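Remarks on the overall topology
Each chain, letter by letter, is given below.
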Amino acid sequence: MNPERRKVGVIGAGGLVGRALMALPEKADRTIVAYSRSAYPSQAGCSVVWKRLGDPNAVQTVSNWISAAPIWGLSAYFDFLERCGATRLAVLSSNSADVKSASADPAERNLAVRLKQAEEEIAFWAKARGIAYTILRPVMIYGMGLDKNISAIGRFISRFDFFPLAGRAEGLRQPVHACDVAGAGLSALTADAAAGRLYTISGGECLAYRDMVARVFHALGKSPRFLSFPVVVLKAAVKAAARSGLMRGYSPAMIDRMNDDLSCGHADARRDLGFSPRPFHLGPEDLPPEIRPGGKVKG
């Protein structure tokens, strides 16, 4: 592979999937030009060069790109990508575009619309400029203690030593590790069949919501302790807690989904990208630092 093809630009390199990409062994034969809103110093002998987004001196000749930033913000960098000579682009979206499209929560429905509109905008722009693009829609991403779902569950358990469930909470889930998502992005840059395609990116194991939460208990060195409530009772409690500021970012619609089957296959990604995700396993490094076993729990 010639030096220019070995070079990969990453927008949103400071986020979860961006950081996971930096940790991949597969990046060893590539030069990563990492862009973030905050500058990170390059390290001697490291194959990662950090640049600050918006810096007029940040333009580099890079043809292969991964966007791990929120998808609706990528249009602000279309000009920048063109000036860098982008010819291949893998973009991180979210399976929420489908899952939340019929949500009872207007904010979640708006999110689904926003995701789909951004996907369409990117496809239109890329086709008009001859850029081969691939859109990845991961399901629940976890890892490195930086995600918004598993880490939030872990923090709740660490603080209260139990977890509330709606009914039996048997809805199916397929959490996917951030490193597996990052690996799919790298693969999309060289897979001819991936050009112009959209892929669901899910984990290597399908399990019930309550079993997923039980694994978080085990990772924290605790025995699972659940309190089951009727759906309507738990939804009312979450709504009241959110209003009081105790559970910002939580929605009663999340309670309904505890019993929804959100499993989805990734056969297309396996076929075209060689995608082979790990089962759902939480190591200490996948929990927020403040709640890792042996660490200090913040109240």
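Anything mentioned here points back to the structure above.
Anyway, here's the lowdown on the structure attached to this text. Model, not experiment: these values are computed from the prediction. (Residues numbered from 1 in each chain as written. Predicted model: local features only at pLDDT ≥ 70, side-chain atom pairs only at ≥ 80, totals over all residues. Heavy atoms only, no water.)

A look at empty space enclosed by the protein
Quick reminder of the rule: Buried and open spaces are told apart on a 1 Å grid over the protein atoms alone, a cavity being a set of points where a 1.4 Å probe fits but cannot get out and a pocket being an open set with protein on both sides within 12 Å along at least five of seven lines. Residues with an atom within 4 Å of a point are the lining residues. Grid points are joined across faces, edges and corners, and a volume is the space filled by probe spheres set on the points. Helix and strand assignments follow DSSP, with helices taken as H or I runs no shorter than four residues and strands as E runs no shorter than two, numbered in order from the N terminus. Gly is placed with the polar residues, together with every amino acid not listed as nonpolar (Ala, Val, Leu, Ile, Met, Phe, Trp, Tyr, Cys and Pro) or charged (Asp, Glu, Lys and Arg).
Enumeration according to the criterion identifies two cavities of 30 Å³ or more in this entry. In this structure, the largest cavity spans a volume of roughly 60 Å³. For the largest cavity, the full set of lining residues is Val17, Ile66, Ser67, Ala90, Val91, Leu92, Leu136, Val181, Ala182 and Gly185. Of all elements in the fold, only strand E4 (64–67), strand E5 (88–92) and helix H7 (178–188) reach the threshold of two or more residues within the lining of the largest cavity. Considering only residue class, the lining of the largest cavity consists of eight nonpolar, two polar and no charged. Every residue lining the second largest cavity is listed: Val10, Val17, Gly18, Leu21, Ile66, Ala68 and Ala182. It is helix H2 (residues 16–23) that provides the largest number of residues to the lining of the second largest cavity, a total of three residues.

A word on the sheet that holds strand E3 (residues 48–52)
We apply this condition: Strands are treated as partners if at least two bridges between them are detected by DSSP. A fitted line through C-alpha atoms serves as each axis, taken over the contacting stretch for helices, and the angle formed by two N-to-C directions is quoted from 0 to 180°. By definition, residues are in contact when any of their heavy atoms lie within 4.5 Å.
Spatially, E3-E2-E1-E4-E5-E6-E11 is the arrangement adopted by the seven strands of the open sheet, whose pairing is parallel. The open sheet has two edge strands with one neighbour each: E3 and strand E11 (197–201). Along the sheet, successive strands turn relative to each other by an average axial angle of 20°, direction set aside. Of the strands in this sheet, strand E1 (7–11), E4, E5, strand E6 (132–138) and E11 are in contact with H7, which crosses E6 at around 165°.

Some thoughts on the pattern of salt bridges
What counts is decided by this rule: For this analysis, a salt bridge means a side-chain nitrogen from Lys or Arg found within 4 Å of a carboxyl oxygen belonging to Asp or Glu.
Per the counting criterion, the structure on display carries 14 salt bridges. When the shortest N-O distance is used, the salt bridge between Asp180 and Arg278 registers 3.0 Å. Taken together, the residues span a long stretch of sequence, with Asp180 in helix H7 and Arg278 in the segment after helix H11 (267–273) at a distance of 98 residues. With a closest N to O distance of 3.1 Å, Arg271 and Asp268 form a salt bridge. Residue Arg271 and its partner Asp268 are both found in helix H11; the two are separated by three residues, about one turn of the helix. Residues joined by salt bridges that share partners form a network here, namely Arg197, Asp268, Arg271 and Asp272.

Section: a nonpolar patch on the surface
Under the convention used in this document: The patches reported here contain residues having more than 30% relative accessible area and no salt bridge. Joining distances are 9 Å for like charges and 5 Å for nonpolar side chains (Val, Leu, Ile, Met, Phe, Trp, Tyr). Per-residue and other accessible areas follow the Shrake-Rupley method at a 1.4 Å probe size, with only the shown protein chains counted as cover for residues. Only protein chains enter the accessibility calculation, which uses a 1.4 Å probe; a residue whose area is less than 20% of its type maximum is buried, one above 50% is exposed, and one in between is partly exposed.
On the surface, Leu227, Phe229, Val232 and Val233 cluster together to form a nonpolar patch covering roughly 320 Å² of accessible area. Residue assignment for the nonpolar patch shows that the elements contributing at least two residues are strand E13 (226–229) and helix H9 (231–243). Its location among the elements puts Val233 in helix H9. Judged by relative accessible area, which is 41%, Val233 ranks as partly exposed.

Details of the packing of helix H6 (residues 150–160) against helix H8 (residues 209–219)
When two helices pack together, their arrangement is given by the angle between the helix axes and the distance between those axes. Test applied: Note: crossing handedness is left-handed where the near helix turns anticlockwise from the far helix by less than a right angle, and right-handed where it turns clockwise.
Where H6 meets H8, the closest approach of the two axes is 10 Å, and the angle between their N-to-C directions is 65°. You can see that H6 and H8 cross each other, and the crossing is right-handed. Contacts between H6 and H8 involve Ile150, Ile153, Gly154 and Ile157 on the former and, on the latter, Tyr209, Met212, Val213, Val216 and Phe217. Here the contact of H6 with H8 is built from residues that sort into eight nonpolar, one polar and no charged.

Side note on the packing of aromatic side chains
Definition in use: Stacked, tilted and edge-to-face are the three classes assigned to paired rings of Phe, Tyr and Trp, where Trp is represented by its six-membered ring and a pair needs centres within 6.5 Å; plane angles under 30 degrees give stacked, over 60 edge-to-face, the rest tilted.
Applying the stated criterion to the full structure yields 10 aromatic pairs. Arranged with centres 5.4 Å apart and planes meeting at 35°, the rings of Tyr35 and Trp65 form a pair that is tilted. With Tyr35 in strand E2 (residues 31–36) and Trp65 in strand E4, this residue pair connects regions lying 30 residues apart in the sequence. Relative accessible area serves as the criterion here: at 0%, Tyr35 is assigned to the buried category. Members of the aromatic cluster, connected to one another through ring pairs, are Phe156, Phe160, Phe162 and Phe163.

Some points on the nonpolar core
Rules: Here, nonpolar core refers to any group of buried Ala, Val, Leu, Ile, Met, Phe, Trp, Tyr and Cys residues whose side-chain atoms link them within 4.5 Å.
In terms of nonpolar packing, the biggest core is built from 37 residues, with Met22, Ile201 and Leu273 touching the most fellow members. Going through the elements one at a time, E1, H2, E2, E3, E5, H7, E11 and H11 are the ones with two or more residues in this core. Of all the elements, H7 adds the most residues to this core, at seven residues.

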